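Examination of the molecular architecture
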Amino acid sequence: MAYMKRSPWIIHYDGSSCNGCDIEVLACLTPLYDVERFGIINTGNPKHADIFVVTGSVNEQNRQVIRNIYDQMPEPKVVAALGICACSGGVFRECYNVEGGMDQVIPVDVYIPGCPVRPEQIIDGVVRALGVLEEKRARMAAGENAEVTA
Amino acid sequence: MNVLYAIAFLVLAPLLGGLIAGIDRKLTARMQGRVGPPVLQPFYDVGKLLEKEHAIVAISQNFFVLAYLVFIAFSGAIFFAGGDLLLVVFALTLAHVLLVLGAFAATSPYSFIGAERELIQLMAYEPMVVLAAAGFYIATGSFSVSEIAAFPRPLIVLLPGIFVGLFYVLTMKLRKSPFDIATSHHAHQEIVKGVTTEFSGSTLGMVEVAHWYETVFLLGLFWLFFAWSPVIAVIAVAILYLAEIFIDNATARVKWGFALRSIWAVTLVLSALNLFALQFFGGL
Ligand code: SF4
């Protein structure tokens, strides 16, 4: 059954974001956008999460943390890179300490650019992530490896 | 007949409990000015958890959580079969101790704090639950749930102190503010979620289902106060639950020390007064 799509729980991690994108993530939880109507819950616990929502870029300090959170999430799981920083490094791309987007460390399934991303874009991106999540679940149910990137 | 009631509880309680949880979430969202999730959302959540990979931190935690679910269901089944109220109370306590052991099974600071908070919670409400059983006995002369339920006079009149004390504790049992110190329905990113930190997938699903069983059982316990008239009982229990949702949204979480002290003070004073009055006036 496709319960997976109806109950996506997210974990949000702030890489080296400027906090712009994080404020927009929190805006999604407010009464105006209320993502809970899609069953989305911000869990704050990788072991409970289905979607890894990550903002900001990768640097030497956080690459272990990002990898660690990703590894702790049970399959099936998807990664949504929020904001141009998480997609490619954005305006910080050329900085001496920045290595680039999240795909430098973990497989990213959905790229949601924007600086900062708008709540509408975030919701849109998460809905796209649900499609990937469902695909991975179906593959897992068929006994295949969910890790294969779509 | 009694066995039938027990089986009916085992089958129907998760459905009813999940539905109550869904209505609870919807009403909570409306009180906060949000649209809120579908009413069936709790079922989707548990269905989803069953579809997830079974990641295990310590193998023993699965047994503890399974035993937690079994004992919660067992105590509810005994209750609805009209069994011994003391047995129900002790099975319920054992169930929560098993949950604490499950949280302690993984060496994680979060689940340790969560387990300790769950123990504090157990300490806070346990005296009241035992006193309630004693109150029912003094009022009706029996610990048997079926005899208490068949008592011809309204128990709410004989046991008002016990009722208020138990309602005070209900907030904590339903994991609602201001006493949601061990786990909460809302604070997903906070330390109060500690007890379930290391559970995932179907193990977490079992904790949810156990909570549904417990909700139905608790509402059944309050039913006893109004059991002389089923219509009034249904209305009263519904009002009690709505009041809990309102209290949950209108109050902030208190510190565990205050929760413990206030629960002990309120419940012990109220039930002691109630029990003394009952002894002296012989239930009139
Ligand atoms: S994308 Fe823009 S708003 Fe978002 S973290 Fe990067 S710089 Fe900040």
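See the structure printed just above.
These remarks concern the structure in this document. (Residues numbered from 1 in each chain as written. Chains lettered and ligands numbered in written order. Predicted model: local features only at pLDDT ≥ 70, side-chain atom pairs only at ≥ 80, totals over all residues. Heavy atoms only, no water.)

**A few points about the overall build of chain B**
Condition: Elements are defined by DSSP. Helices are runs of H or I of four residues or more, strands are runs of E of two residues or more, and each kind is numbered from the N terminus. Values of the radius of gyration come from C-alpha atoms, whereas the globule rule sets the reference at 2.2 Å times the count of residues to the power 0.38.
The secondary structure content of chain B amounts to 11 helices and zero strands. Each helix and strand of chain B, placed in order from N terminus to C terminus, yields the pattern α-α-α-α-α-α-α-α-α-α-α. Computed over the C-alpha atoms, the radius of gyration of chain B is 19 Å, within 12% of the 19 Å expected from 2.2 N^0.38 for a compact globule of 284 residues. Oriented by its inertia axes, the alpha-carbon framework of chain B measures out at about 60 × 45 × 40 Å.

**With respect to the overall build of chain A**
How we decide: Throughout this description, buried means an accessible area under 20% of the type-specific maximum (1.4 Å probe, protein chains only), exposed means over 50%, and partly exposed covers the range between. Residue contacts are defined here by distance: any two heavy atoms, one from each residue, within 4.5 Å place the two residues in contact. Working definition of accessibility: Shrake-Rupley area with a 1.4 Å probe, residue cover restricted to the visible protein chains. We score Asp and Glu as negative and Lys and Arg as positive, and we do not count His or the chain ends. Every charge is mapped to an atom, namely NZ of Lys, CZ of Arg, CG of Asp or CD of Glu.
Across its full length, chain A carries four helices and seven strands. Shown N-terminal to C-terminal, the secondary structure of chain A runs as helices and strands in the order β-α-β-β-β-α-β-α-β-β-α. For chain A, whose C-alpha radius of gyration is 15 Å, the value lies close to the compact-globule estimate of 15 Å for 150 residues. Viewed in the frame of its principal axes, chain A has a C-alpha envelope of about 45 × 35 × 25 Å. When each of the 150 residues of chain A is scored for burial, the buried share is 55%. Taking the intrachain contacts of chain A between residues at least 6 apart in sequence as the baseline, contacts between residues at least 24 apart amount to 78%. As displayed, chain A offers around 6600 Å² of accessible surface, 54% of which is attributable to carbon and sulfur atoms. The average position of the 13 basic charges and that of the 19 acidic charges among the side chains of chain A differ by 4 Å.

**Considering the pattern of salt bridges**
Where we set the bar: Between Lys or Arg on one side and Asp or Glu on the other, a salt bridge is scored when a side-chain nitrogen of the former is within 4 Å of a carboxyl oxygen of the latter.
In this structure the tally under the stated criterion is 18 salt bridges over all chains. Of the charged contacts, one joins Glu-198 of chain B and Lys-47 of chain A as a salt bridge, the two residues approaching to 2.7 Å between their closest N and O atoms. Separated into two different chains, Glu-198 of chain B in the loop between α8 (160-173) and α9 (201-223) and Lys-47 of chain A in the loop between β2 (41-42) and β3 (51-55) make up a pair that spans both. The salt bridge partner of Lys-136 of chain A is Asp-109 of chain A, with a shortest N-O separation of 3.4 Å. Note that Lys-136 of chain A is positioned in helix α4 (residues 119-141) and Asp-109 of chain A in the loop between β6 (98-100) and β7 (110-112), a separation of 27 residues in sequence. By relative accessible area, Lys-136 of chain A is classed as buried at 3%. The structure contains a network of salt bridges with shared partners spanning Asp-34 and Glu-36 of chain A together with Arg-25, Arg-34 and Asp-45 of chain B.

**Brief notes about helix α1 (residues 20-29) of chain A**
Every buried residue belonging to α1 of chain A is among Cys-21, Asp-22, Glu-24, Val-25, Ala-27 and Cys-28 of chain A, and all of these are buried. Buried residues in α1 of chain A make contact with β1 (9-14), β3, β5 (78-82), α3 (83-88) and α4 of chain A.

**Section: the packing of aromatic side chains**
To be explicit about the condition: Centres within 6.5 Å make a pair out of two Phe, Tyr or Trp rings, where for Trp the six-membered ring is used; the pair is then stacked when the planes are under 30 degrees apart, edge-to-face when over 60, and tilted otherwise. Any Lys NZ or Arg CZ found within 6 Å of a ring centre and within 35 degrees of that ring's normal is scored as a charge over the ring.
According to the stated counting rule, one finds 15 aromatic pairs over all chains in the structure shown. Centre to centre, the rings of Tyr-3 of chain A and Tyr-44 of chain B are 6.3 Å apart; their planes meet at 35°, and the pair counts as tilted. You can see Tyr-3 of chain A sitting in the segment before β1 and its partner Tyr-44 of chain B sitting in helix α2 (residues 41-51), one on each of two chains. Residue class for Tyr-44 of chain B comes out buried when judged on its relative accessible area of 14%. Across from the ring centre of Tyr-70 of chain A, 4.1 Å away, lies the NZ or CZ of Lys-77 of chain A, which sits over that ring. Against the face of Trp-9 of chain A rests Lys-48 of chain B, its NZ or CZ located 4.0 Å from the ring centre.

**Observations concerning the environment of Gln-279 of chain B**
Residue and element names in this part refer to chain B. Within the element layout of this structure, Gln-279 appears in helix α11 (residues 256-281). A residue is classified by how much of its surface remains accessible, and Gln-279, at 53% relative accessible area, is exposed. In sequence terms Gln-279 and Gln-189 are 90 residues apart; their C-alpha atoms lie 48 Å from each other.

Everything listed is a geometric property; what it means functionally is a separate question.
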